[in-house]
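Examining the three-dimensional arrangement
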Amino acid sequence: MKVTAYFFASLLIYLAAIVLMACHREKEQSKSTVSTRDEPIREEVGALPETYISPVDNPSTADKIALGRLLFYDPILSGGKDVACASCHHPDYGYAESQELSIGVNGTGLGEMRKFNHPNSIPFARRNAHSLLNTAYNGIDVEGNYTPEKAPMFWDLRVESLEKQALEPIINFEEMRGPSYETEVTLDSIVNRIQQIPAYELYFAKVFGDSSSINAVNIAKALATFQRSLTANNSRFDQYMRGDHKAISSLEKEGFAAFIRSGCAKCHNGPMFSDFKLHVLGVADNEKLTIPDTGPKNSYAFRTPTLRNLRYTDPYMHNGKFKTLRRVMEFYEDMASKEPENPQVSRKQLDPLAKQMKLKFKDFQAIEAFLNTLNDDQFDRTIPESVPSGLPVGGNIH
């Protein structure tokens, strides 16, 4: 009996040891899965900050945001008094544009309904309108660092900061200036117009200290402050990266892993899913342009756009050539082995990172599901009932 009892006791100890070893192995495998799959993913992208920072010389205030909003919707800023910033960056479209290429001067309507008036000699804007949502974070790196004074702007990176960006459309011929003024006198002329409006005198005095503060610099500061306030930084992806692991589904997590594995994050990285650098991709020219857009220094290179809020900002690419995300993914899948779609760009010119991508058709559904976790519809859509000039709010959009 003693032998039998000893045998069973030994057997129980042995089985317990096996169970403990199995649990230990499972725990170690779980750790390994996290370290080999989760951690690299988290190093390449991230959640947006819950607050934004402003330039030292242009702090954000409620009054300055309110003034910037009025200017943003007021067509007084355009040469023909028919176009506002909101004409091509409207909240209904995520502060972007549903047209491939925007119609600015001499246009009527909003979104896909916007058309040129007749007769017309104004060309389309050269590029698809960027969304203004989250431009407060432009230039943010994978570690969450950014400098608002150095924020990269436009598809060609031609200026830095929202303050410098704000005035560019006003002096651009097809966007807002039109034939009313020559480039060099446009800003002075617009400033003079605004100085004649008593309500703006009061607003500028309240925000900047005195009634003589209506000038191009302060117009830019007010517009930039409003645009900087347009954040959408609490998507389901942001919630997931902040620790809520139930915020995205299993399919979306598969898409997240496939997004990284395919090489998409080589360029679409950091909290904004953009490295804010120029890359040559060989997208075909848009037929609406009479003169091809060859990019800075005729390089055909354009800035990596953010992937946030894609639900609101189609069509895609620098010239709006692709209507759907599926078409965008097909384009990148083809890049691995086919010649560029643009005959003016050779395969040798293509960006090396793009050619190294390994995007597979089997991953399309999961990646698209993941990209939808980057949408956040809780952004400011407030439209003023009127603007100080008395002109139609948003320009000729109705």
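Scope of this entry: the structure provided in the associated data block. Please read these numbers as outputs of a predicted model, since none were measured by experiment.

Re the overall build of the chain
Each helix and strand in the chain was counted, giving 14 helices and 6 strands. Of all 398 residues assigned to the chain, the portion counted as buried reaches 52%. Carbon and sulfur atoms provide 55% of the accessible area of the chain, an area that totals close to 19,400 Å².

Comments concerning the layout of surface pockets
Approximately 620 Å³ is the volume attributed to the largest pocket. In this structure, the largest pocket is lined by 34 residues; those nearest its centre are His89, Ala129, His130, Phe154 and Glu175. Looking at the lining of the largest pocket, the elements with two or more residues in it are α3 (85-88), α4 (162-165) and α6 (173-177). Of the residues contributing to the lining of the largest pocket, the split by class is 17 nonpolar, 11 polar and 6 charged.

What to know about empty space enclosed by the protein
Under the defined criterion, the tally for this structure stands at 3 cavities of 30 Å³ or more. Estimated volume of the largest cavity: approximately 660 Å³. When contributions to the lining of the largest cavity are tallied by element, the ones reaching two or more residues are β6 (301-303), α12 (325-335), α13 (352-355) and α14 (364-371). Considering only residue class, the lining of the largest cavity consists of 26 nonpolar, 11 polar and 2 charged. In this structure, the second largest cavity encloses a volume near 40 Å³. In terms of lining residues, the second largest cavity is bounded by Ser131, Leu133, Asn134, Met272, Thr306, Arg308 and Asn309.

Side note on the packing of aromatic side chains
A complete count under the given rule lists 20 aromatic pairs for this structure. Among the aromatic residues, ring-to-ring pairing joins Phe72, Tyr73, Tyr95, Phe226, Tyr312 and Phe379 into one connected group. A cation sits over an aromatic face here: Arg158 above Phe154, 3.8 Å from the ring centre. Positioned above the aromatic ring of Phe379 is the side chain of Arg381, whose terminal nitrogen or guanidinium carbon lies 4.0 Å from the ring centre.

Re the nonpolar core
Judged by nonpolar contacts, the single largest core of 39 residues is most densely connected at Phe259, Met317, Tyr332 and Leu371. Elements supplying a minimum of two residues to this core: α10 (236-241), α11 (250-262), α12 and α14. No other element matches the 6 residues that α12 contributes to this core. With sequence-adjacent residues up to four places away left out, Phe259 is seen in contact with Cys264, Ala265, His268, Phe273, Leu307, Ile367, Phe370 and Leu371. Judged by nonpolar contacts, the second largest core, of 37 residues, contains Leu71, Tyr73, Ile194 and Ile197.

Focus on the environment of Arg326
Counting through the fold element by element, Arg326 comes out in helix α12. With a relative accessible area of 31%, Arg326 lands in the partly exposed category. Every residue in contact with Arg326, bar those within four places of it in the chain, is listed here: Phe361, Phe364, Gln365 and Glu368.

With respect to α12
Within α12, the full set of buried residues consists of Leu325, Val328, Met329, Phe331, Tyr332 and Met335. Along the long axis of α12, the arc covered by the buried residues comes to 155°, so they all point the same way.

Some details on the packing of helix α2 (residues 62-73) against helix α8 (residues 198-208)
α8 packs onto α2 with a crossing angle of 145° between their chain directions and a minimal axis gap of 9 Å. Remark: the crossing between α2 and α8 carries left-handed chirality. For the pair α2 and α8, contact is made by Asp63, Lys64, Leu67, Leu70 and Leu71 and by Tyr200, Tyr203, Phe204, Lys206, Val207 and Phe208, respectively. By residue class, the composition of the contact of α2 with α8 is 8 nonpolar, no polar and 3 charged.

Side note on unusual backbone geometry
His118 connects to Pro119 through a cis peptide bond whose omega is 0°. In this fold, Pro119 is placed in the loop between β2 (115-116) and β3 (152-153). A cis geometry characterises the amide bond from Asp314 onward to Pro315, with omega recorded as 0°. Within the secondary structure, Pro315 sits in the loop between β6 and α12. In this model, Asn106 sits at a positive phi of 65°, which is unusual for a non-glycine residue. Relative to the helices and strands, Asn106 resides in the loop between α3 and β1 (107-108).

Parameters at a glance
Residues numbered from 1 in each chain as written. Predicted model: local features only at pLDDT ≥ 70, side-chain atom pairs only at ≥ 80, totals over all residues. Heavy atoms only, no water. Helix = DSSP H or I, 4+ residues; strand = E, 2+ residues; numbered from the N terminus. Buried < 20%, exposed > 50% of the residue type's maximum accessible area, 1.4 Å probe, protein only. Areas by Shrake-Rupley, 256 points an atom, 1.4 Å probe, with all protein chains shown as cover. 1 Å grid on protein atoms, 1.4 Å probe; cavity = no way out; pocket = protein on both sides within 12 Å on 5 of 7 lines; lining within 4 Å. Points joined across faces, edges and corners; volume = space filled by probe spheres on them. Nonpolar A, V, L, I, M, F, W, Y, C, P; charged D, E, K, R; others polar. Phe/Tyr/Trp six-rings, centres within 6.5 Å; stacked < 30°, edge-to-face > 60°. Lys NZ or Arg CZ within 6 Å of the ring centre and 35° of its normal. Core = buried A, V, L, I, M, F, W, Y, C linked by side-chain atoms within 4.5 Å. Contact = heavy atoms within 4.5 Å. Arc of directions from axis to C-beta. Axes fitted to C-alpha atoms, helices over the stretch in contact; angles between N-to-C directions. Left-handed = near helix turned anticlockwise from the far one by under 90°.

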